[in-house]
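Below, each chain spelled out in residue letters.
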Amino acid sequence: MTIAVLAIQGAFAEHEAVLTRLGVDFIELRQRRDLEQHYDGLILPGGESTVQGKLLRELNLFDKLKDQIVKGLPTLATCAGLILLAKQLSNDTLTHFGTLPVTVKRNAYGRQLGSFYTEEDFGDLGRLPMTFIRAPYIEAASPKVRVLAKVNGNIVGVKYINQIGISFHPELNDDTSIHQMFLEMVYNQ
Amino acid sequence: MNETRYTLNRELAQMLKGGVIMDVTTPEQAKIAEAAGACAVMALERIPADIRAAGGVSRMSDPSMIRGIQAAVSIPVMAKCRIGHFAEAQILEAIEIDYIDESEVLSPADDVYHINKRQFNVPFVCGAKDLGEALRRINEGAAMIRTKGEPGTGDVVQAVRHIRMMNREIAKVVSLRDDELYQEAKLLQVPYDLVSYVHKSGKLPVVNFAAGGIATPADAALMMQLGAEGVFVGSGIFKSGNPEKRAQAIVKAVTNYTDATMLAQISSDLGEAMVGINEQEIALLMAERGK
């Protein structure tokens, strides 16, 4: 099993470190020719969604990746990654892949002083550490989307077919259960 | 600042990795920078090249000007305060800046003490020429480090010197025996725990960016290949012939810094680079401010 990690900007090395700990092979996607390799799943890391969205298009990665996600490539998206997947952004007119039927609010907790750490239940995985960095949250989700986690009444984790979208950063904490859940989904694919 | 807040602040820097932080002086420039792919902007009244040209005392920017830039973009906004000027830092925290740069580019307010950054909730980035300086700033609470370079010159030589020095000193600490770390901590004038962290992990405990004199995509690629985790570009963009195009090119260079073919393509037809000043021609070495 090989996981592709979008490595154009942001905290991709942190996801790679989790994959290494779990003994999973990965490749980095930085430019068009990287998409020629074989991979079974995709991780869209945190970072700045404006930068990532722009580079995805300019480096010619956008159309093929979107097509692969639509066709069911298992995808784990964290923070900026969630913004890339969202069908709608409540405070931005420019959307990106738009493959996940949710409405996401960017910088929903304000500036860096609004960043926080908490622990909450996540799907069937129990209580997990959650680190929110200038994070978005999900304002509304289509009924077809399964809500996995809420913090203070706001949706912060969802699953829709093969896409897992999370507004916090599981790659920054020691708990690997969200990555394991994603890898299981890839394995069962 | 409690431990959780400090961790969150270090983690924001992790999100900026692989990105370019651009100096901007107006909301219009901030929008150009954001559209060009900046992962954050540094709001300041004058870019370093102009600070250098104007001379005189250089201070924190007008908060209303910084607020204008905060309103103009959705990416993180940083701003500079003078070394040791904790009151300027308090003001920047009050306007909810995302990162404070305690910067040698401004005139130092204190020639002995840096700001006790642990007293703040907002994160700080500080410049460092070598490992000892980096760890001293981290001990004071800095959540991110950058090379000092020589701002406003377009000359990358100092940034290169600083990152090479940092790499060499980190490699040395890694190679030491455990019982030699105490003496090393004494030499570097830093706590043992920080030296021990570097010894075990082979890197700084916070993200390290390159800054100072970066003017071309090739400069950015050079710094990334030398181990920087991202770059600050100051005067290099808005002092050049075509800021928008150059900014976009530097952003791409940081993402694909080892692909010379792509670098050749994005380095083409960028218009005039900033003229720059050679290191030997400079009267004022900003990197020597604050040790």
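Details of the structure are given in the entry above.
Here is what the cut-offs are and how they apply
- Residues numbered from 1 in each chain as written.
- Chains lettered and ligands numbered in written order.
- Predicted model: local features only at pLDDT ≥ 70, side-chain atom pairs only at ≥ 80, totals over all residues.
- Heavy atoms only, no water.
- Helix = DSSP H or I, 4+ residues; strand = E, 2+ residues; numbered from the N terminus.
- Rg over C-alpha atoms; globule rule 2.2 N^0.38 Å.
- Contact = heavy atoms within 4.5 Å.
- Areas by Shrake-Rupley, 256 points an atom, 1.4 Å probe, with all protein chains shown as cover.
- Lys, Arg positive; Asp, Glu negative; His and termini not counted.
- Charge placed at Lys NZ, Arg CZ, Asp CG, Glu CD.
- Buried < 20%, exposed > 50% of the residue type's maximum accessible area, 1.4 Å probe, protein only.
- Phe/Tyr/Trp six-rings, centres within 6.5 Å; stacked < 30°, edge-to-face > 60°.
- 1 Å grid on protein atoms, 1.4 Å probe; cavity = no way out; pocket = protein on both sides within 12 Å on 5 of 7 lines; lining within 4 Å.
- Points joined across faces, edges and corners; volume = space filled by probe spheres on them.
- Nonpolar A, V, L, I, M, F, W, Y, C, P; charged D, E, K, R; others polar.
- Salt bridge = Lys/Arg side-chain N within 4 Å of Asp/Glu carboxyl O.
- Pairing = 2+ DSSP bridges.

J.: Explain the overall build of chain B to me, please; I cannot follow it from the model alone.
T.: The number of helices and strands found in chain B is 13 helices and 8 strands. Compactness check: chain B gives a C-alpha radius of gyration of 18 Å against a globular reference of 19 Å for 291 residues, within 12% of the reference. Projecting the C-alpha coordinates of chain B onto the three principal axes gives extents of approximately 55 × 45 × 40 Å. Put simply, of all contacts in chain B between residues at least 6 apart along the chain, 66% involve residues at least 24 apart. For chain B, the accessible surface area stands at approximately 11100 Å², while carbon and sulfur atoms represent 49% of it. When the 31 basic and 37 acidic side-chain charges of chain B are each reduced to a single mean position, those positions are 2 Å apart.

J.: What should I look at first to understand the overall build of chain A in this one?
T.: Helix and strand content of chain A: 5 helices and 12 strands. Computed over its C-alpha atoms, the radius of gyration of chain A comes to 15 Å, within 12% of the 16 Å expected for a compact globule of 189 residues. Summarising its shape, the C-alpha atoms of chain A cover approximately 40 × 35 × 30 Å along the three principal directions. Buried residues in chain A amount to 63% of all 189 residues. Accessible surface computed for chain A: about 7200 Å², of which carbon and sulfur atoms make up 44%.

J.: Looking at this model, I keep getting lost on the packing of aromatic side chains. Mind explaining?
T.: The relation between two aromatic rings is expressed through the spacing of the ring centres and the mutual angle of the planes. Residues and elements named next belong to chain A. Counted by the stated rule, this structure contains 10 aromatic pairs over all chains. Residues F62 and F97 carry aromatic rings whose centres are separated by 4.9 Å and whose planes lie at 15 degrees to one another, so their mutual orientation is stacked. Here the residue F62 occupies a position in helix α3 (residues 62-70), and F97 occupies one in the loop between β5 (86-89) and β6 (100-105), the gap between them amounting to 35 residues. Per residue, the accessibility class of F62 equals that of F97, and both read buried.

J.: How do you make sense of empty space enclosed by the protein when you look at a structure like this?
T.: The gaps left among the atoms become clear once a water-sized probe is rolled over them. Under the criterion given, the structure shown has 4 cavities of 30 Å³ or more. In this structure, the largest cavity is lined by 23 residues; those nearest its centre are D23(B), P151(B), A211(B), G212(B) and G234(B). Looking at the lining of the largest cavity, the elements that each hand over two or more residues are β8 (231-233) and α11 (235-238) of chain B. A class-by-class count of the residues in the lining of the largest cavity yields 9 nonpolar, 8 polar and 6 charged. Lining the second largest cavity are 14 residues, and of these G47(A), E48(A), C79(A), N107(A) and R134(A) sit closest to its centre. Residue classes in the lining of the second largest cavity are distributed as 8 nonpolar, 3 polar and 3 charged.

J.: How do you make sense of the pattern of salt bridges when you look at a structure like this?
T.: Residues and elements named next belong to chain B. Tallied over the entire structure, the rule returns 23 salt bridges over all chains. Linking E133 and K129 is a salt bridge whose minimum nitrogen-to-oxygen distance equals 2.9 Å. A relative accessible area of 2% means that E133 is categorised as buried. Residue R137 is joined to E140 by a salt bridge in which the shortest nitrogen-to-oxygen separation is 2.8 Å.

J.: I tried to follow the pairing of strand β12 (residues 163-166) of chain A on my own but got confused; where do I start?
T.: Regular strands place their side chains on alternate faces of the sheet. All names here are of chain A. The alternating pattern of β12 places Q163 and G165 and I164 and I166 on opposite faces, both of which are buried. Two elements, strand β4 (residues 75-78) and β12, share 4 bridges in a ladder whose sense is parallel. In the strand pairing of β12, L76 is matched with I164. Here 4 bridges tie strand β11 (residues 154-160) to β12, and the two strands are oriented antiparallel to one another. The residue of β12 that forms the bridge with K159 is I164.

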